[in-house]
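# Topology and contacts: notes
The residues making up each chain are set out below.
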Amino acid sequence: MKISTAMGRAWRAYTASFGGTMKFLLTEACLTLICLAPLLFLTNGRLAAGALLCVPLWLLMMLPARMNAARDMAAALAGGGLGSPRLIEGADYGKKLLCGLKRAGFLLLWAAPLIALAVIFRNHFAGEVDGLTVYRMIRNDLGGGDQIRGIRVLVLITVGTLLVLMFGCAFHSGARHAWAQGDPRRVRGHHGKVVLAWLASLVTVLPMVLAIVAAVARYLPVLRDLNGLLMGTVSLPATRGTLLILAAGALLTLPLLPLRSLLPAALVSGLGEDGRKA
């Protein structure tokens with residue numbers, strides 16, 4: 001199946017019952033908030049360790065829910081429409097959890113460079129480190145005395161590790177849909193198409209990307225004059241304006257998230273149809 005054909009099928013499933021699609025999105029959002037609720041423990045230093053409860057909650061709730069969502073999308077592509085109650089369906093819970101854990105394990109491998117980078121920075125900046133010390137470390141250790149070069153090197157390293165993780169997400173994006181459609185091996189030999197479909201689906205997050213670019217652009221003049229910032233002669237842009245830009249991007253992106261997942265689902269469904277024809 002061509003990517004353009006999959007996009008057409010995903011769009012039809014997305015718009016067939018827009019109200020149902022929004023209920024589906026709202027249910028996913030509620031489940032996500034439940035899993036992230038322990039982060040509220042961070043507001044109290046003595047209870048901060050309770051925030052770690054997010055991990056088991058996410059594993060036990062969201063991984064099976066994502067498998068349910070994949071089945072729901074398969075039904076939508078077959079003309080059934082998205083139905084939010086099916087997201088919390090308990091049938092085959094153990095199988096869904098194991099499949100989700102397997103996929104999460106693969107993604108952890110792709111995240112290894114990012115995790116290693118975080119550990120290195122954590123160890124490098126251990127203890128009480130003020131902004132001036134961090135600035136000097138970036139300038140001297142990464143930039144060889146040039147502050148802009150140091151920032152660029154830091155950004156390139158971080159972006160590089162993120163790109164590795166993103167490729168891993170793209171590579172495995174069809175796995176849950178293949179499982180939900182009854183043929184886990186369907187994507188074998190078609191990972192190139194799966195990656196292209198995942199990349200094409202990123203158009204749905206374009207509003208958020210543009211918002212982030214606009215927000216970062218507000219701080220570029222300050223980054224060019226870090227000495228002025230440290231000396232107090234240059235001030236940061238108003239935080240309220242930045243938050244409004246990011247909030248606008250998020251509000252425009254959220255309704256499109258089901259469409260983003262429907263595209264890989266449509267491609268995997270099409271691979272199955274192509275296999276039957278062959």
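Structure: see above.
Residues numbered from 1 in each chain as written. Predicted model: local features only at pLDDT ≥ 70, side-chain atom pairs only at ≥ 80, totals over all residues. Heavy atoms only, no water.

### Concerning a nonpolar patch on the surface
Defined as follows: Note on patches: the residues involved have over 30% relative accessible area and no salt bridge, like charges join within 9 Å, and the nonpolar side chains Val, Leu, Ile, Met, Phe, Trp and Tyr join within 5 Å. Areas reported as accessible are Shrake-Rupley estimates using a 1.4 Å probe. Residue values count occlusion only from the protein chains shown. The term salt bridge refers to a side-chain nitrogen of Lys or Arg lying within 4 Å of a carboxyl oxygen of Asp or Glu. The way it works is that DSSP assigns letters per residue, a run of H or I at least four long becomes a helix, a run of E at least two long becomes a strand, and they are numbered from the N terminus. Burial here depends on accessible area, computed with a 1.4 Å probe over protein chains only, as a share of the maximum for the residue type. Under 20% is buried, over 50% is exposed, and the range in between is partly exposed.
A surface patch of nonpolar side chains, amounting to about 860 Å² of accessible area, comprises L36, L39, L42, V55, W58, L59, L60, Y93, L98 and L101. Put simply, the parts of the chain that give the nonpolar patch at least two residues each are α3 (54-77) and α4 (93-110). Mapping L39 onto the fold places it in the loop between α2 (18-36) and α3. L39 sits in the partly exposed class, given a relative accessible area of 39%.

### Some thoughts on the environment of V55
Tracing the sequence through the fold places V55 in helix α3. The spacing of V55 and L36 is 19 residues in sequence and 8.8 Å in space, taken between C-alpha atoms.

### Considerations on the nonpolar core
For the record, the criterion: What makes a nonpolar core is a set of buried Ala, Val, Leu, Ile, Met, Phe, Trp, Tyr and Cys residues whose side-chain atoms join them at distances within 4.5 Å. When checking whether two residues touch, look at their non-hydrogen atoms; a contact exists if any pair is within 4.5 Å.
Within the largest apolar cluster, 27 residues are counted, with the highest numbers of intra-cluster contacts made by A6, A10, F24, M73, L77 and L262. Elements that contribute at least two residues to this core include exactly α1 (3-16), α2, α3, α9 (191-201) and α14 (257-277). A total of seven residues in this core trace back to one element, the largest contributor, which is α14. Setting aside its immediate chain neighbours within four residues, A6 contacts M1, L263, A266 and L267. In this structure, A70, C99, W179 and A180 belong to the second largest nonpolar core, which totals five residues.

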